[in-house]
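Observations on the model geometry
Chain by chain, the residues run as shown.
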Amino acid sequence: MAEQREPAKGQVPARPAAPAAGPPAAASLSPYNEAGAEVLAATVERLSAEIHALRQDTEVRALVEVAKGVLVAWLKCGPSEAARQLQRLSIKSQLPLPELAADIVNQAACDTITHAVAGARTAESPGTGQEPAEATAQSGTSSLRLRTAEAAAMLAGDDTQTLAGAVLDRGLSPLGAAAAAVWAAAPDGSLTLAGEAGFGPAEAARWRYVPPEVGAPAQRAVAEDRTLWISETGDAPPPTIGRGRGGTWAILPAHVGGRRVGALEIHWPVDGPCVSPTPALLRELDALAQLCALSLANHSAETHAPTGEPAVWLTGLVDGLLDSAALLRPLRDRDDRITDFLIEHTNERFTDPAGRPRGSLTGRPLLEVYPLFAVEGSLFEQIQRVHTTGIALRNETMVLRFPAEPASRAVLASVGLGRFGDAILLTWRLQEGDVRLADLLQHVQRLSLIGGFEENLTTGKITWTQQLHALFGLPGGTEPVPLHHLGRHTHPDDACTVGRFLRTLLHNREESTVTFRLSRPDGVVRHLRLVAEPVCDASGFLVAVRGAYQDISSHRWTEVALAATRDRLLGAEQEAAGRHRLARQLQRAIMPAADQPVHKAGLRVAVRYRPADEDQRVGGDWYDAVLLPGDRVLLTVGDVAGHGVSAATGMVVLRNALRGLAITGAGPGRLLSWLNRLAHDLTEQVTATVICGLFDPTTRTLTWSRAGHLPPLLVRQGTAALLPLPEGLMLGVVDNASYEECQLKMEPQDTLLMYTDGLIEGRGSNVRHALDRLLAAAAGQVDDLDDYLDHLLSQDIADTDDDICLIGIEPS
């Protein structure tokens, strides 16, 4: 059989498919993953719909142009004025522009379409019970349908194959017809199939020429010059194209100038709508037949056998199969590379899982109809291999993916492929049961890196799941590796281990497990676990082995990493213990003693401290509450830059220095100036923010200064407010700095909060917004100071892992 190329003159070509809607050439396809194939399928469907809409729009435009020409003749005006008049008439009559155009052409033409439409308006209204408005609407629809089919026929010209498709799509499909054939009649009574739609290329090739006196219905219609209406029965199918399908045929003679030039044959399927030869329907069909006659007048009856026709015996073989079967023929580009396969013929039992009628699939490229077959390792790749090698394929458990909404549908099928000349015979049988379970199993194997196998030791047949090819680093469709060749793919150091496994499995006939390193063809070494069991017949003879491989490389590498980590931990444990001892010592140095007698000065103080380094329990934040001589109380909160032991060390220096300086009786501004000089000159680049306050119990006054720190917060009578910010640069930045002092007269029931930035710090938010959130959380009556501080910490105002120090102060 020859390849599918441009048809010779007179040849019946395949029903044309939209070239832009098809997928890329298979020769240039890179392997698709499933997500990419889903996108491809959606793109094919969208482009096909767009091209179909574009064709319909072109035909409607052609009809409108004809109507404009009629108006030019009637009104004796130019095309532009005729277009404007057409728009005005459409608005005035409240008719869509295409329907108005059809009416105008009907009034001017007085042809068979006009008669069909006029008959539809007057015939059988009383008998059908239709109201006049309803009958008028139906006639308008009929008029538009027939005139659109006429426009499509004009665009087709003398191409009777395109004409047949246009007549079916525009004129007959709305009437429930599934196929149409256009016959050209010769003077000797023979017929030539000039064009067809819905029957398929293989069926068309079988009926390309009908000799005289065969008695085909189309020959009778032409000879007797009358319309035939035939309902097929199982006992005596008519000798015509599509015989054996069942259903109803209508055959109408086609005339040009009183000369019978051929016939239009129409087929309604047995499961289609029930049709009867009413006068209105016959007039519409006759009008369509006369459209075909105009193209048949120039059609030559002398035809030759198509170079790509399938043998009659092959299509007969396909039709006799009990499974869904399709005959595929390769489509080649200019470089003679196979880019796709044409669906040339399908049998009566052909089932499309997407629910489309088989007539809509015949004559179209395979990847246009089933784009998901292009997924790597899927059916299209197998078809190419069978066509190249000629070796038949049978797979009892192949997962096929078909387009469906909202996502593609996976179907488990038994698939067969065989080459006959240049054609491929494809059969599939959709297996019963829940195919989603098979699809789920495939995904489970992929996610868990498991591949199953079964090896028949009697026949030598080996069945692998698709995932197993990926584990071995082999392309899909590669011959599986038999168990007795497993040693060739094993790392040399594991060869003895694999040998013991095989002896246990094959000689002792016991289930066995082995872990080994697989040396793949791409040079990658993977760790696999193989579990297998023997399968014996009734006499105890070993007939098969089945099992599964699992890639456990990540587990192996984790074990190696854990072993190295254990070695490092042994040395790190002692270091960690020492750091924890140091942390506990620093913690005792940082935290003020719980029995600090600040209550003697009329203050109640509660503290919450949460370091960022939970393991070491120390950080750079600190607080202090010290009773000074004269019953004044030093209250400080500070934050040294950094975390952990290094930050805590600098913090201890500043905290203890501030305690010592406070004994001098100086105010908080002077204390911070001295502490800044210490941080700048006498420490190793320590920078910090601090609030320093001195509380005088006699006047209940707090005098305070700040070094770059956040302002204290005062809660008075349930209202929270931030205290004013006195000027003051953070410690350790410059050697000389002065610090402004502020005073606060505290009242009973007041609550003063001093805190570090870890309480409010957030990623992506500014300080102003963070402080607003703190004010909202702090507002309210404070009944118990400890519960109140716990409540603030539970609000999760901050979203960073910074040290947090929060001190609450209440005067008595």
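About the cut-offs
Residues numbered from 1 in each chain as written. Predicted model: local features only at pLDDT ≥ 70, side-chain atom pairs only at ≥ 80, totals over all residues. Heavy atoms only, no water. Helix = DSSP H or I, 4+ residues; strand = E, 2+ residues; numbered from the N terminus. Buried < 20%, exposed > 50% of the residue type's maximum accessible area, 1.4 Å probe, protein only. Contact = heavy atoms within 4.5 Å. Areas by Shrake-Rupley, 256 points an atom, 1.4 Å probe, with all protein chains shown as cover. Core = buried A, V, L, I, M, F, W, Y, C linked by side-chain atoms within 4.5 Å. Polar contact = N/O pair within 3.5 Å; in protein donor to acceptor, adjacent residues only side chain to side chain. Phe/Tyr/Trp six-rings, centres within 6.5 Å; stacked < 30°, edge-to-face > 60°. Pairing = 2+ DSSP bridges. Salt bridge = Lys/Arg side-chain N within 4 Å of Asp/Glu carboxyl O. Axes fitted to C-alpha atoms, helices over the stretch in contact; angles between N-to-C directions. Patch = residues over 30% accessible without salt bridge, like charges linked within 9 Å, V, L, I, M, F, W, Y side chains within 5 Å. Parallel < 35°, antiparallel > 145°, perpendicular 65-115°, else oblique. Nonpolar A, V, L, I, M, F, W, Y, C, P; charged D, E, K, R; others polar. Expected span 1.5 Å × (residues − 1). Left-handed = near helix turned anticlockwise from the far one by under 90°. pLDDT = per-residue confidence, 0-100.

The next point concerns the overall build of the protein chain. The secondary structure content of the protein chain amounts to 21 helices and 26 strands. Looking at the protein chain residue by residue over its 812 residues, the buried ones come to 48%. Within the protein chain, contacts between residues separated by at least 24 positions form 62% of all contacts whose residues are at least 6 apart in sequence. Surface exposure of the protein chain reaches about 38,800 Å², of which carbon and sulfur atoms provide 53%.

Time to look at helix 7 (residues 160-172). Along helix 7, 11 of the 13 residues are buried, which leaves the element largely enclosed by surrounding structure. Along helix 7, the positions that sit buried rather than exposed are Thr 160, Gln 161, Leu 163, Ala 164, Gly 165, Ala 166, Val 167, Leu 168, Arg 170, Gly 171 and Leu 172.

Ranked by internal contacts, the top residues of the largest apolar core, which has 33 residues, are Leu 172, Leu 264, Ile 266, Leu 285 and Leu 288. Every element with two or more residues in this core is listed here: helix 6 (132-156), helix 7, strand 1 (179-185), strand 2 (191-197), strand 5 (248-256), strand 6 (259-268) and helix 10 (279-296). Broken down by element, the residue count for this core peaks at nine residues, all from helix 10. If we ignore the near neighbours within four places in the chain, the residues touching Leu 264 are Ala 180, Ala 181, Val 182, Ala 250, Ile 251, Leu 252, Leu 285, Leu 288, Ala 289 and Cys 292.

Our focus in this paragraph is the side chain of Arg 608. Here Arg 608 lies in strand 17 (residues 603-610). Side chain to side chain, Arg 608 and Asp 786 meet in a polar contact 3.2 Å long. Non-local contacts of Arg 608, meaning those with residues more than four positions away in its chain, are made with Asp 786, Leu 789, Asp 790, Leu 793, Ile 804, Cys 805 and Leu 806.

Tallying each qualifying case throughout the model produces nine aromatic pairs. Geometrically, the ring pair formed by Tyr 370 and Phe 373 is stacked, given 4.9 Å between the ring centres and 25° between the ring planes. Overall, the relative accessible area of 0% leaves Phe 373 in the buried class. Here the aromatic rings of Trp 464 and Phe 472 are separated by 4.9 Å at their centres, their planes lie at 40°, and the arrangement is tilted.

As a further point, take the pairing of strand 22 (residues 713-716). The sheet contact formed by strand 22 and strand 23 (residues 719-722) spans four bridges and is antiparallel. Bridged to Leu 713 within strand 23 is Leu 722. Counted along the chain from strand 22 to the antiparallel partner strand 23, the turn is two residues long, and its residue Gln 717 has a positive phi close to 55°. Note: strand 22 against strand 25 (residues 751-755), three bridges, orientation antiparallel. When the sheet's bridge partners are listed, Leu 713 is paired in strand 25 with Leu 753.

Any two side chains of opposite charge can pair if their charged atoms end up close together. Across all of its chains, the model carries 27 salt bridges by this definition. A salt bridge links Arg 84 to Glu 81, with the nearest nitrogen and oxygen atoms 3.0 Å apart. With Arg 84 and Glu 81 both in helix 2 (residues 79-93) and three residues apart, this pair spans about one turn of that helix. Arg 84 sits in the partly exposed class, given a relative accessible area of 43%. Within the structure, one salt-bridge network assembled from shared partners comprises Arg 604, Arg 608, Asp 786 and Asp 790.

Let us look at the sheet that holds strand 17. One open sheet accounts for five strands, arranged 17-26-25-22-23; its pairing is antiparallel. Looking at which strands have only one partner, the edges of the open sheet turn out to be strand 17 and strand 23. Looking at each pair of strands side by side, their axes are set apart by 20° on average, direction ignored. Sitting on the sheet, helix 20 (residues 767-778) is in contact with strand 22, strand 23 and strand 25, with an inclination near 150° to strand 23. Strand contacts of helix 21 (residues 785-794): strand 17, strand 22, strand 25 and strand 26 (804-811), with the helix running at about 30° to strand 17, the strand carrying the most contacts.

Pairing in this open sheet of six strands is antiparallel, and the strands run 3-2-1-6-5-4 from one edge to the other. Unpaired on one side and paired on the other, strand 3 (209-210) and strand 4 (228-231) mark the two borders of the sheet. Alignment of strand 1 against strand 6, held across six bridges, turns out to be antiparallel. From the neighbouring strand, Ala 184 faces strand 6, where its bridge partner is Gly 262. Against the sheet, helix 7 contacts strand 1, strand 2 and strand 6, and its axis sits at roughly 50° relative to strand 2. Each of strand 1, strand 2, strand 4, strand 5 and strand 6 touches helix 10; the most contacted strand, strand 5, lies at about 50° to it.

On to a nonpolar patch on the surface, then. A cluster of nonpolar side chains, contributed by Leu 729, Val 733 and Val 734, occupies part of the molecular surface with about 210 Å² of accessible area. Inspection of the secondary structure assignment puts Leu 729 in the loop between strand 23 and strand 24 (742-745).

Relative to the elements of secondary structure, Arg 208 occurs in the loop between helix 8 (201-206) and strand 3. Here Arg 208 falls in the partly exposed class, since its relative accessible area comes to 25%. Between the C-alpha atoms of Arg 208 and Gly 195, which are 13 residues apart in sequence, the distance is 9.2 Å.

One face of the sheet, then the other: side chains in a regular strand alternate in exactly this way. The sheet contact formed by strand 12 (residues 450-456) and strand 16 (residues 542-551) spans seven bridges and is antiparallel. Pairing of Glu 454 across the sheet is with Arg 546, part of strand 16. Across nine bridges, the pairing between strand 15 (residues 525-536) and strand 16 is antiparallel. Bridge assignment links Leu 528 to a residue of strand 16, and that residue is Asp 551. Where strand 15 folds back onto strand 16 in an antiparallel hairpin, the turn is made up of five residues, including Gly 540, whose phi is positive at roughly 85°.

Across the interface, helix 2 lies against helix 3 (residues 97-109) with an axial gap of 9 Å and an inter-helix angle of 105°. Taken together, the axes of helix 2 and helix 3 lie roughly perpendicular to each other. On helix 3, the residues touching Leu 86, Gln 87, Leu 89, Ser 90 and Ser 93 of helix 2 are Leu 97, Leu 100 and Ile 104. When its residues are assigned to classes, the contact of helix 2 with helix 3 shows five nonpolar, three polar and no charged.

Turning to helix 2, a few remarks are in order. Here helix 2 spans 21 Å end to end across 15 residues, near enough to the 21 Å set by a 1.5 Å rise per residue. Just past helix 2, the residue Gln 94 takes up positive phi, approximately 60°.

The next subject is the side chain of Thr 636. Structurally, Thr 636 can be placed in strand 19 (residues 633-640). Judged by its relative accessible area of 2%, Thr 636 is buried. The residues touching Thr 636, leaving out its near neighbours within four places in the chain, are Trp 622, Tyr 623, Asp 624, Leu 658, Ile 691, Cys 692 and Met 754.

The subject of this paragraph is unusual backbone geometry. In this structure, Asp 225 is a non-glycine residue whose phi angle is positive, near 50°. Mapped onto the elements, Asp 225 comes out in the loop between helix 9 (217-224) and strand 4. Taking relative accessible area as the criterion, Asp 225 reaches 37% and is therefore assigned partly exposed.

Helix packing for two helices is described by the angle between their axes and how far apart those axes are. Viewed as axis vectors pointing N to C, helix 7 and helix 10 meet at an angle of 165°, and their least axial separation amounts to 10 Å. Taken together, helix 7 and helix 10 sit at an angle that is classed as roughly antiparallel. With respect to the hand of their crossing, helix 7 and helix 10 are arranged in right-handed fashion. Residue-level contacts link Thr 160, Leu 163, Val 167, Gly 171 and Leu 172 of helix 7 to Leu 285, Leu 288, Leu 291, Cys 292, Ser 295 and Leu 296 of helix 10.

What follows deals with the confidence of the model for the protein chain. Of all residues in the protein chain, 82% attain a pLDDT of 70 or more, and the chain-wide mean is 79. Here helix 5 (residues 125-128) stands out as the least confident element of the protein chain, with mean pLDDT 42; strand 21 (residues 701-707) is the most confident, with 95. When the criterion is pLDDT under 50, residues 124-137 qualifies, and its contacts beyond four places in sequence or with other chains add up to five contacts.

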